[in-house]
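Structure at a glance
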Amino acid sequence: MDSAKPFEISKRAVYDAYLQVKSNQGAAGVDRESIQDFEKDLKNNLYKLWNRLSSGSYFPPAVLAISIPKSNGGTRLLGIPTVADRIAQSVAKQYLEPQVEPYFHSDSYGYRPGKSALDAIGVTRKRCWRYDWVVDLDIKGFFDNLDHKLVMRAVEKHTNCKWILLYVERWLTAPLQTNDGDVEARSKGTPQGGVISPLLANMLMHYVFDDWMKRKHPNMPFERYADDVVVHCRTERQAHFVKDKIGQRLNRCKLELHPDKTRIVYCKDELRTHTYQHTSFDFLGYTFRPRTNRTRHGRLFVNFAPAISAKAKKAICRRIRQWKIHLWSGATLASIAREINPVIRGWIQYYGRFMRSEVRSAVQNIDAYLIRWAMGKYKRLRGRKRRASAWLQRIRHEWRNLFVHWAAGFSRWAE
């Protein structure tokens, strides 16, 4: 440690932050420098970053604004910091996260160590069995509208470390820059894509929502994953009441419920027979709705349960189409499997946790493209779809573990 530096930031912390950023990969920022480019002069680059952070002279460069398509046809704006800035943010996160984690609510699941979206789905599932009503909350433009003063107040509650406070404020106000070079100043929000943004968002929402709900409405449990929130209620009247109160609370904190996407939902099953406008909701890629199931004794019954959402299925099918497997004429089945298996495994592990069979129809599309690939690859199979299908079925029988969805029993020829 250099005692002449005003801020005590260890070189080891900067190196550990670099390793974290490297493991996450990510795109280049406004300087177009990739992780590989940064590593060409790694020792010097890390030293310069440490020196600037420790001296208080570090100023974050502009954040690269990237628009990505949303499933509803709109776009979402991501802000991509430079590699060096992601490392700097990781240094701050390493320090700040252990300070605030013990204070966070047990039902806050997003971007937290030891918690996951599937944990939130599992808890939501059980509570929907115990509570008849749900308030499905959608916060309008959450990351784009976070109030900087409120974020800083939340940070100041947990640390008086001067360099953390200095750099968090600078990251909050770092401008956005488009691919065309236009620069836009920011007076609110924190960019999606920043390393420290999820932690800052969680800190704000802890005080705006989690802690407030615990104090004001302790009998209404909730699950929150960043800005996706589900609140459980006993009655419809209670649901309307808490929805209005939450809306008022968010307005006081410079946030707003989306008027069209925030809904009250009746968790209908075979014992809940009332008629209501909304009997389903989407949460973290799953749709919760009444579903027919079978008991261990074979009796059919209806319960309120989650399964992969229609939007998630469409996204999977779109990704499979984008692969264009049928055009990989130079590839072998083994090389195709190596390329796509990690993605398929992720789909099945996530969407297959609840109502596993619902994932089958989406991933089965892979086999249709493999059949087309075989017809283009081998002359004896050209124009002969049935023969190509039978050939692939034999391969699948002999090499069941070649593709992840075959091993999971999700092929089109599954017994």
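Before going into details, it helps to say that this report is about the structure given with it. This structure is a prediction, so every number in the text was calculated from the model and none was measured.

1. Section: the overall build of the chain
Along its length, the chain carries 16 helices and 11 strands. Taken along its principal axes, the extent of the C-alpha atoms in the chain is 75 × 60 × 35 Å. The burial tally for the chain puts 48% of its 415 residues in the buried class. Sequence-distant contacts, at least 24 apart, represent 67% of the contacts inside the chain between residues at least 6 apart. Counting only carbon and sulfur atoms, one obtains 48% of the accessible surface of the chain, whose full area is about 21,400 Å². Within the chain, one finds 72 positive and 40 negative side-chain charges whose respective centroids are separated by 8 Å.

2. What to know about the packing of aromatic side chains
Using the criterion set out here, one finds 22 aromatic pairs in the structure. Ring centres 5.9 Å apart and planes at 55 degrees place the aromatic pair Y95 and W163 in the tilted group. You can see Y95 sitting in helix α4 (residues 83–100) and its partner W163 sitting in helix α8 (residues 162–173), a full 68 residues away along the chain. With relative accessibility at 7%, the residue W163 sits in the buried group. Put simply, the rings of F7, Y58, Y95, W163, Y167 and W171 touch in pairs and so form one group of aromatic residues.

3. Focus on unusual backbone geometry
In the Ramachandran plot, R32 falls in the positive-phi region, its phi being about 60 degrees despite a non-glycine side chain. If you trace the backbone, R32 turns up in the loop between α1 (11–24) and α2 (35–39). Despite not being glycine, A226 has its phi angle at roughly 60 degrees, a positive value.

4. Description of empty space enclosed by the protein
This model, assessed by the stated rule, comprises 1 cavity of 30 Å³ or more. Here the largest cavity defines a volume of roughly 60 Å³. Put simply, the parts of the chain that give the lining of the largest cavity at least two residues each are α4, α8 and α9 (197–216). Tallied by class, the residues present in the lining of the largest cavity amount to 7 nonpolar, 4 polar and 1 charged.

5. Describing the layout of surface pockets
Estimates place the volume of the second largest pocket at around 530 Å³. Along its surface, the second largest pocket is lined by 24 residues, and N24, K93, G193, G194 and V195 are the ones closest to its centre. Those elements giving two or more residues to the lining of the second largest pocket turn out to be α1, β2 (75–80), α4 and α9. Broken down by element, the lining of the second largest pocket gets its largest block of residues, 5 residues, from α4. When the residues that make up the lining of the second largest pocket are grouped by side-chain class, the tally is 11 nonpolar, 10 polar and 3 charged.

6. Details of the side chain of T287
One can find T287 in strand β10 (residues 286–294). What makes T287 buried here is its relative accessible area of 12%. For T287, the residues in contact, after removing those within four places along its chain, are S280, F281, D282, A305, P306, A307, I308, S309 and A310.

7. Observations regarding the pairing of β10
Bridge count for strand β9 (residues 281–283) against β10 is 3 bridges, and the pairing is antiparallel. Looking at the pairing, D282 lines up with T287 of β10. Where β9 folds back on β10, the antiparallel hairpin that results is connected by 2 residues, among which L284 adopts a positive phi of roughly 55 degrees. As judged from the 9 bridges shared by β10 and strand β11 (residues 300–308), these two strands associate in the antiparallel manner. Directly across from P290, in β11, lies its bridge partner F304.

8. Let's talk about the nonpolar core
Nonpolar side chains in soluble globular proteins tend to be buried together. Residues I87 and V231 are the most contacted members of the largest nonpolar core, which totals 67 residues. Considering each element in turn, this core owes the most residues, 10 residues, to α9. Discounting chain neighbours no more than four positions away, the residues touching V231 are W133, V134, V135, L137, F209, M213, M220, P221, F222, V242 and I246. If you look at the next biggest cluster of nonpolar residues, it comprises 55 residues, including F283, I316, I344 and W347.

9. Notes on helix α14 (residues 365–377)
Structural remark: α-helix, 3.6 residues per turn; residues separated by three or four positions point the same way. In this model α14 runs 19 Å from its N-terminal to its C-terminal C-alpha over 13 residues, within 8% of the 18 Å that 1.5 Å per residue would give. Looking only at α14, the buried set comprises I366, D367, Y369, L370, I371, W373, A374 and M375. On its buried face, α14 is in contact with α11 (310–323), α12 (333–351), α13 (360–363), α15 (385–398) and α16 (404–407).

10. Considering the packing of helix α3 (residues 42–55) against α4
In the contact formed by α3 and α4, the axes pass within 11 Å of each other and the chain directions differ by 50 degrees. Looking at the two axes, α3 sits oblique to α4. As α3 runs across α4, the sense of the crossing is right-handed. Contacts between α3 and α4 involve L46, L49 and L53 from the first element and A84, I87, A88 and V91 from the second. Residues that form the contact of α3 with α4 fall into these classes: 7 nonpolar, no polar and no charged.

Calculation criteria
- Residues numbered from 1 in each chain as written.
- Predicted model: local features only at pLDDT ≥ 70, side-chain atom pairs only at ≥ 80, totals over all residues.
- Heavy atoms only, no water.
- Helix = DSSP H or I, 4+ residues; strand = E, 2+ residues; numbered from the N terminus.
- Buried < 20%, exposed > 50% of the residue type's maximum accessible area, 1.4 Å probe, protein only.
- Contact = heavy atoms within 4.5 Å.
- Areas by Shrake-Rupley, 256 points an atom, 1.4 Å probe, with all protein chains shown as cover.
- Lys, Arg positive; Asp, Glu negative; His and termini not counted.
- Charge placed at Lys NZ, Arg CZ, Asp CG, Glu CD.
- Phe/Tyr/Trp six-rings, centres within 6.5 Å; stacked < 30°, edge-to-face > 60°.
- 1 Å grid on protein atoms, 1.4 Å probe; cavity = no way out; pocket = protein on both sides within 12 Å on 5 of 7 lines; lining within 4 Å.
- Points joined across faces, edges and corners; volume = space filled by probe spheres on them.
- Nonpolar A, V, L, I, M, F, W, Y, C, P; charged D, E, K, R; others polar.
- Pairing = 2+ DSSP bridges.
- Core = buried A, V, L, I, M, F, W, Y, C linked by side-chain atoms within 4.5 Å.
- Expected span 1.5 Å × (residues − 1).
- Axes fitted to C-alpha atoms, helices over the stretch in contact; angles between N-to-C directions.
- Parallel < 35°, antiparallel > 145°, perpendicular 65-115°, else oblique.
- Left-handed = near helix turned anticlockwise from the far one by under 90°.

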